[in-house]
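Here's the letter readout for the chains.
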Amino acid sequence: MSDTITFTIDGVEIQGRRGQTILEAADDAGVYIPRLCAFKDLSPYGACRVCTVMANGRPQAACTQPIAEGMVVENDTEQLKKVRRDIVEMLFVEGNHFCMFCEKSGNCELQAMAYRLGIAAPKYPYLNPKREVDASHPDILVDHNRCILCARCVRASKDLDGKNVFQFIGRGPHKKVGVNAEANLSDTNADVTDKALDVCPVGALLRKRVGYAVPVGKRLYDLEPIGSDIEAKRAGQEK
Amino acid sequence: MAKPKVATTSLAGCFGCHMSLLDIDDRILKLVELIDFDKSPINDIKKFTGRCAVGLIEGGCCNEENVRVLQDFRNHCAILISVGDCATMGGIPALRNNIPLQECYDEAYKNGPSVHNPSGQIPNDPELPLLLDKVFPCHEVVKIDYHLPGCPPPADTLWEALVALLTDKPVDLPYTLIKYD
Ligand code: SF4
Ligand code: FES
């Protein structure tokens, strides 16, 4: 039995490998599917639903759904763009995202996703929740105002760092990233070299004293939309 | 034919967005060929003289006067644009939104580290507009037609959007001109 699986995304035939998710196969083929909680090197989690596609007519998270022979996937449609815009707008209003002074601005995946989806301002009312900042650690800052609960830090700390620094606590609107200690991050074995710090898509987990090093205009998403690197692969393949 | 009129105002903003508008440099000469400024801090006209084609709003609403001015703009302007992060999402003033108003007053007038106020009085003159319980982005108060985020939005963003609107073209700005910082 061959390991190659042929399916289509927006009518374009794509070859993937058995066991790949829609998102992985699309990435390899140079088709960008927007995502916020998925991250290479981390196990799929399916939290944010920004990667929602229609797979054989049903909404599915592309980052968790395996590909199947003959599967028909819709990705870049008006309907799905609206779903993604709505999700990203909800993320903006349910946290406190002050881009104008955030160290992550320009390199932030949430912000870049809003740019790519063409959001000038969210249509939902701002909730302005009260959230905490944990600056107890000498080298690391946790700003819960910006956390989008993607669980990348939770997964990376466990699976890449072999620690267990971060875990979710609480439910619903009270859900937040907790640290594996009585009170503060400084009481954990978190270290400035932890991979968990590299994966946060927003400015919720930051290394101290390195912010604003890259000037405006040279940051990751200043000139090109998020996903351009993946799409460039396809342009290369077509040549 | 009379030139279309443009009005501008700064609500709970820092005037940075108006500075950015002035940053269009010599294009301001082209701009005054295209439009006349009506009520605006740029010419210091305090009251609307008539209907305007475009109103530019800097800043969100932090007090009752902001709300009145914003409603006045909505009543006089065919197209209303939220300019800058304060107008589109509250901006820096909205940092107080999860702090009770009384605590804000106490910090500003009684307990702040640089405050000297032995009588402990909080300003309460009837001339002073009352603060709202939180800072609202403009579109949570009146209908807003376009949003130009940024802190401030680049001069090119303001220029491109204005020229498109005044020449009846779609406001379709390039990727680099819609940014939140
Ligand atoms: S701190 Fe960052 S990586 Fe962790 S859950 Fe929040 S947004 Fe995701
Ligand atoms: S990327 Fe698939 S659910 Fe978040």
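Bear in mind the structure is a predicted one, so any value in this text is a computation, not a measurement. (Residues numbered from 1 in each chain as written. Chains lettered and ligands numbered in written order. Predicted model: local features only at pLDDT ≥ 70, side-chain atom pairs only at ≥ 80, totals over all residues. Heavy atoms only, no water.)

A. Fine view of the interface of chain B and chain A. Each partner contributes residues to the interface: chain B has 22 residues there, and chain A has 29 residues. For the pair chain B and chain A, the two sides together bury roughly 2,100 Å², of which 61% comes from carbon and sulfur. On the chain B side of the interface with chain A, the three residues burying the most area are Asn98(B), Tyr175(B) and Tyr180(B), jointly 36% of the side's total. Across the salt bridge formed by Asp181(B) and Arg219(A), the nearest N and O atoms sit 2.8 Å from each other. Where chain B packs against chain A, one counts 13 residue pairs in polar contact (both at pLDDT 80 or more). (Contact = heavy atoms within 4.5 Å. Buried area = accessible area lost by both parts, 1.4 Å probe. Salt bridge = Lys/Arg side-chain N within 4 Å of Asp/Glu carboxyl O. Polar contact = N/O pair within 3.5 Å; in protein donor to acceptor, adjacent residues only side chain to side chain.)

B. Local environment of the sheet that holds strand β7 (residues 140–143) of chain A. Strand order in this open sheet of 3 strands is β6-β7-β10 (chain A), and the pairing throughout is antiparallel. Edge strands, defined here as strands with exactly one partner in the open sheet, are β6 (133–134) and β10 (205–207) of chain A. (Pairing = 2+ DSSP bridges. Helix = DSSP H or I, 4+ residues; strand = E, 2+ residues; numbered from the N terminus.)

C. Structural view of the packing of helix α2 (residues 27–34) of chain B against helix α6 (residues 155–166) of chain B. All names here are of chain B. α6 packs onto α2 with a crossing angle of 25° between their chain directions and a minimal axis gap of 12 Å. One element, α2, and the other, α6, form an angle in the roughly parallel class. Once α2 is placed against α6, the crossing between them reads as left-handed. Residues Arg27, Lys30, Leu31 and Leu34 of α2 form the contact with α6, whose participating residues are Asp156, Trp159, Leu162, Val163 and Leu166. Residues that form the contact of α2 with α6 fall into these classes: 6 nonpolar, no polar and 3 charged. (Axes fitted to C-alpha atoms, helices over the stretch in contact; angles between N-to-C directions. Parallel < 35°, antiparallel > 145°, perpendicular 65-115°, else oblique. Left-handed = near helix turned anticlockwise from the far one by under 90°. Nonpolar A, V, L, I, M, F, W, Y, C, P; charged D, E, K, R; others polar.)

D. The layout of surface pockets, seen in detail. Residues and elements named next belong to chain A. If you add up the space inside the largest pocket, you get close to 1,200 Å³. Along the wall of the largest pocket there are 50 residues; nearest its centre are Asn107, Glu109, Asp198, Leu220 and Tyr221. Looking at the lining of the largest pocket, the elements that each hand over two or more residues are α1 (22–29), α5 (196–199), β10 and α6 (228–238). Broken down by element, the residue count for the lining of the largest pocket peaks at 4 residues, all from α1. (1 Å grid on protein atoms, 1.4 Å probe; cavity = no way out; pocket = protein on both sides within 12 Å on 5 of 7 lines; lining within 4 Å. Points joined across faces, edges and corners; volume = space filled by probe spheres on them.)

E. Structural view of the packing of aromatic side chains. As enumerated under the stated definition, the model contains 6 aromatic pairs over all chains in all. When the centroid spacing of 5.7 Å and the interplanar angle of 85° are considered together, the rings of Phe92(A) and Tyr180(B) count as edge-to-face. Taken together, the positions of Phe92(A) in helix α2 (residues 78–94) and Tyr180(B) in the segment after α6 put the pair across two chains. Between Tyr115(A) and Tyr180(B) the ring centres are 4.9 Å apart and the planes differ by 75°, which places this aromatic pair in the edge-to-face class. A residue pair is termed interchain when its members come from two chains, as with Tyr115(A) in helix α3 (residues 109–117) and Tyr180(B) in the segment after α6. (Phe/Tyr/Trp six-rings, centres within 6.5 Å; stacked < 30°, edge-to-face > 60°.)

F. Inspection of the site of ligand 1 at higher detail. Residues in contact with ligand 1 amount to 13 residues; listed here are only the nearest, Cys147(A), Cys150(A), Ala151(A), Cys153(A) and Cys200(A). Among the residues making up the shell around ligand 1, the classes are represented as 12 nonpolar, no polar and 1 charged. (Near = heavy atom within 4 Å.)

G. Main features of empty space enclosed by the protein. A full pass over the atoms with the stated rule returns 5 cavities of 30 Å³ or more. Its boundaries defined by the atoms lining it, the largest cavity holds a volume of some 150 Å³. Taken together, 14 residues form the lining of the largest cavity, with Phe92(A), Pro122(A), Tyr126(A), Met89(B) and Tyr180(B) sitting closest to its centre. The element best represented in the lining of the largest cavity is helix α4 (residues 85–89) of chain B, accounting for 3 residues. Tallied by class, the residues present in the lining of the largest cavity amount to 11 nonpolar, 2 polar and 1 charged.

H. Layout of the environment of Ile99(B). Here Ile99(B) lies in the loop between α4 and α5 (101–111). Sequence separation between Ile99(B) and Leu177(B) is 78 residues, and the spatial gap between their C-alpha atoms is 33 Å.

I. View of the domain arrangement of chain A. All names here are of chain A. Split by domain assignment, chain A resolves into domain 1 (4–76) and domain 2 (84–207). For domain 1 and domain 2, the distance between their C-alpha centres works out to 25 Å. In this assembly, 21 residues from domain 1 lie in contact with 20 residues from domain 2. Between domain 1 and domain 2, the buried area comes to about 1,600 Å², and carbon and sulfur atoms account for 63% of it. Per-residue buried area on domain 1 facing domain 2 is highest for Leu36, Leu42 and Tyr45; these three make up 40% of the total on that side. If you look at where domain 1 meets domain 2, you find 0 salt bridges. Summed over the shared surface of domain 1 and domain 2, the result is 7 residue pairs in polar contact (both at pLDDT 80 or more). Here the side of domain 1 that touches domain 2 is composed, by residue class, of 15 nonpolar, 3 polar and 3 charged. (Domains from an automatic or database assignment.)

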